[in-house]
Amino acid sequence: HGASTPGKPETNGKAEQIVRSVKKGTTCNLLQSGLEYGYWPHAMRHFASMHNFTYVISELNNRFNTRTPYHAKFGTNVQAHLIPFGARCEWLPHGKNIKQGMKKFGKKTRDGIFVGYKINMGMGWSKQYLVIDAEKFKNTPANRKAHVYATQEIYKLQELTFPVKEGLWNPL
């Protein structure tokens, strides 16, 4: 294979194509969700995760033809809920701080904004989802990012909504 010329990105076609694809996917995630530019890192990691979980390799001479990148690396498809970036979800919180104010016999889950998957080094999924708590988001000033929580239990809602984009949930 040919080498690229330093200082001339046009000679590095494959890498530039991948960078363009990631930028476009990340931008689409942010536009679809209605979240601000400060959530770019989460949007980019979500795009990369979804690519690795769902993109099917279709290169006839590739030994991983018809597999996803995740399957090619780990020998199995990821066993995760596939949820769009910024979609409304319900999640089960852990820890006293986030459970504060929840009724003992009331609803056990909280409303949230889905922002991704916690990925271990080496691209393996940790079986944890990343979510922004809806109440915390609504009480966070618009110029600051809300805290992102990791949880093992998340519930994808039947009706897909994007509450920030739709103007239902707004920061202060």
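Heads up: the structure comes first, above all this text.
We now turn to the structure provided with this report. These numbers come from a predicted model, not from an experiment.

What about the packing of aromatic side chains?
Scanning the model with the defined rule gives ten aromatic pairs in all. Ring centres 4.7 Å apart and planes at 40 degrees place the aromatic pair Y70 and F74 in the tilted group. Of the two residues, Y70 and F74 both sit in helix α3 (residues 69-74), four residues apart, roughly one turn of that helix. According to the relative accessible area criterion, F74 is partly exposed, its value standing at 35%. Following the ring pairs from residue to residue traces out a cluster consisting of F53, Y70, F74, F114, Y117, W125 and Y129.

Considerations on unusual backbone geometry
Backbone geometry at T66 places phi at a positive 75 degrees, although glycine is not the residue there. Note that T66 resides in the loop between α2 (40-54) and α3. Here T66 falls in the exposed class, since its relative accessible area comes to 61%. The phi dihedral of M123 falls on the positive side, at around 80 degrees, and the residue is not glycine. Secondary-structure assignment places M123 in the loop between β2 (110-119) and β3 (125-133). By relative accessible area, M123 is classed as partly exposed at 24%.

What counts as what
- Residues numbered from 1 in each chain as written.
- Predicted model: local features only at pLDDT ≥ 70, side-chain atom pairs only at ≥ 80, totals over all residues.
- Heavy atoms only, no water.
- Phe/Tyr/Trp six-rings, centres within 6.5 Å; stacked < 30°, edge-to-face > 60°.
- Helix = DSSP H or I, 4+ residues; strand = E, 2+ residues; numbered from the N terminus.
- Buried < 20%, exposed > 50% of the residue type's maximum accessible area, 1.4 Å probe, protein only.

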